[in-house]
Structures are given as C-alpha cells and as structure tokens.
Amino acid sequence: MRELLLCPPDYYGIEYEINPWMSVARAADARIVQEQWKQLHATLSKLDCKVHLIPPQPRLPDMVFTANAGLTVGRKFIPSNFRHKERAGEQPFFAKWMEQQGYEVNWLPEKLFFEGEGDALFGGEVLFCGYKFRSDIQSHRAIAEMIGCLTISVELVDPRFYHLDTCFCPLPDGGAFWFPDAFDEYGQRAIREHVTDLIDVAPEEARHFSCNAVIIEKHIVLPQGAPQLVTKLQERGYRCHELPMTEFIKAGGACKCLTMFMPQREEAVT
Ligand code: ARG
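Because the structure is a prediction, the values reported are computed rather than measured.

Some thoughts on unusual backbone geometry
For residues other than glycine, phi is negative in most cases, and the peptide bonds are mostly trans. That bond from M262 to P263 is cis: its omega, -5 degrees, falls within 30 degrees of zero. Summarising the element assignment, P263 is placed in the segment after β15 (260–261). We note that R59 has phi near 65 degrees; this positive angle belongs to a residue other than glycine. As for its placement among the helices and strands, R59 is situated in the loop between β2 (50–53) and β3 (70–73). With a phi close to 120 degrees, K132 is a non-glycine residue in the positive phi region. Among the structural elements, K132 can be located in the loop between β7 (126–131) and α4 (137–147).

And the structure:
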C-alpha cells in the first residue's frame, strides 16, 4: 500500500508572490479550498493509500504543498532547502515530523537549494531532477550520493513551470507525460533518450497543471481541464480522476504538489 503525506489547508492562502501564478490580489476562497482539498484527500484514500497528515502551521500558507517537504527514498528523508525565505520556515516542521515517523533525516549542505519531490521524480530507475527556478543543479549530485541512484538534471526554462512536477509526470509503465516546452533543448533530449513512450501535453492543457498528477498504479489523480490528455491516458489503460484544483492553482500548485510519497521509492538501484 502506498503511503502519502498531505497537510490540511487550514492556514493556506495567497500571502506573497514567489511564482508567476501567485497574486496577493487574487485570494483563494477559503470554503472552496477546503472542499477541493477534501476531495483530493478522499480520492487518494479510496485508492487504497494510507494518507498521513502533518499538522499545518500558522503563517506557513504554502505548507499544504507537501511535495516540497523533501524527498523520501526507503527509510531516508532528505529535507528541502527552500529558495524563498517565505517557505524556509516549513523545513523544521517537516524534518521533525518525518523523524518522528521513524525516517532517517539526511541533511543537504545548507547552501544548496533543493525543493524535494517537487523537483525530483523517479522514472524507471533514474531520478529526474529539475533545476534553475528553485533547486540548484549542484544539489543533484549530493542527492545521488545520499540515496545511491543515477540522477539526470534537466533545466526548466519557463517560469510558470518552475518545479519539475508541474511539467513532467513519469508513469509506472516506463512512459511519462510532459510539457516539452518547459525544458531546454538538452533537457528535452535527455528525457527523450531515457523515457520511452512520451505523451506530449498541449500548452492549453499544461497550463491547467495537467502534468501535476498523482499516480497510484493504474489510477491517475489530476486537475480538471485536460480532456485530450485524459483520452490518451485512458487508451493506455489508466483510470483518470479529474479534480477541481482552481484554488491551489492560484498558488502555483495542484494534486501532485499537495502530495508527497512516503517513500517515493523503496530503494534506489544503481
Ligand atoms: N506557492 C508554492 C511555491 O511557490 C507552490 C508550490 C507548488 N509545489 C510544487 N511541487 N510544484 O513554492
């Protein structure tokens, strides 16, 4: 059974602007926030996942985005080093909570920015790592050493797709769906070389955060607004669960950003 970490949106809101989606003038509707988050929670719980909840903290409105807590592989947890001071306060809460769950906390050097599973996703045996807007490319080598796996660093070039999980989603069958324009030419080439059967997401669907999906075996939980992608995924035998995510997209996040795998992988294979 997959175990996941979510954080209730009690203190969620648009209180600062650290990505192009956020505007303090465009507040999230508190009632709809609760509804959308509960629907995500219910959907994941029904898919036979064990959902853990970390207590939310006042004045840390983005703590709901647990994909940025860190990266969990086996019993190791590597906490994020957030680029923006607005989110740095989340780190001790996530690290302490994971330690209490029995994870071995492995710290990255403080000077290396890294934003967790939001920028680090396994596709097959390879850990794809995004960099530039949030994570530093130098953090990837440190992570590879800590967990003993092959990492492939891919540069993100579109500020709207500032984390890897906003534009790339590996599938358990070895394929992936992605928004190619979010990567530079080298990154595109690296992904094409390592991933067979890529599904390209159209720009109008990518901006609905369609790549920001949680995959639980044959089930895909993704934001509404990507009919073409959903058809392609269904043709490949996946069952799609499309959820309204409007209030979280206002902060630049959706289903996957709101979820961290505990662990993402049992063990890394070198
Ligand atoms: N407002 C948050 C930020 O800018 C959103 C994080 C989205 N998380 C993600 N894994 N893409 O940091």
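Here's the deal with the sheet that holds β3
For sheets, the rule is that strands pair by backbone hydrogen bonds, running either parallel or antiparallel. An order of β3-β4-β5 is seen for the three strands of this open sheet, with the pairing classed as mixed. Each having just a single partner strand, β3 and β5 (104–105) make up the two edges of the open sheet. Sheet topology places strand β4 (residues 76–79) next to β5; two bridges connect them, and they run parallel. Looking at β5, one finds that K76 is bridged to E104. Sheet strands in contact with helix α3 (residues 91–100) are β3, β4 and β5, and its direction is about 175 degrees off that of β4.

Describing helix α7 (residues 227–235)
Structural remark: α-helix, 3.6 residues per turn; residues separated by three or four positions point the same way. Within α7, burial applies to L229, V230 and L233. In an axial view of α7, the angular spread of the buried residues amounts to 100 degrees, which keeps them on one side of the axis. For α7, exposure combined with an orientation more than 90 degrees from the buried face picks out P227 and E235. Where the residues of α7 are buried, they touch β10 (176–178), β11 (198–200), α6 (203–206), β13 (219–223) and β14 (239–243). Looking one or two places after α7, you find G237, whose phi comes out positive at around 95 degrees.

Rules used in this analysis
By convention here, each chain's residues receive numbers from 1 onward along its written sequence. Residue-level local features of this predicted model are given only where pLDDT is at least 70; pairs of side-chain atoms are given and counted only at 80 or more, and the full residue set underlies all totals for whole chains, interfaces and linings. Note: side-chain values were computed over all heavy atoms of the structure, leaving out hydrogens and water. Each helix is a run of DSSP H or I of at least 4 residues and each strand a run of E of at least 2, with the numbering of both proceeding from the N terminus. Paired strands are those between which DSSP finds at least two bridges. Residue contacts follow a heavy-atom distance rule, with two residues in contact if any of their heavy atoms lie within 4.5 Å. Between the N-to-C directions of two axes lies an angle of 0 to 180 degrees, each axis being a line fitted to C-alpha atoms and, for a helix, fitted only over the stretch in contact. Here the term buried applies to any residue with accessible area under 20% of the maximum for its type, exposed to any over 50%, and partly exposed to those in between, with areas from a 1.4 Å probe on protein chains only. Directions are taken from the helix axis to each C-beta atom, and the arc is the one they span.

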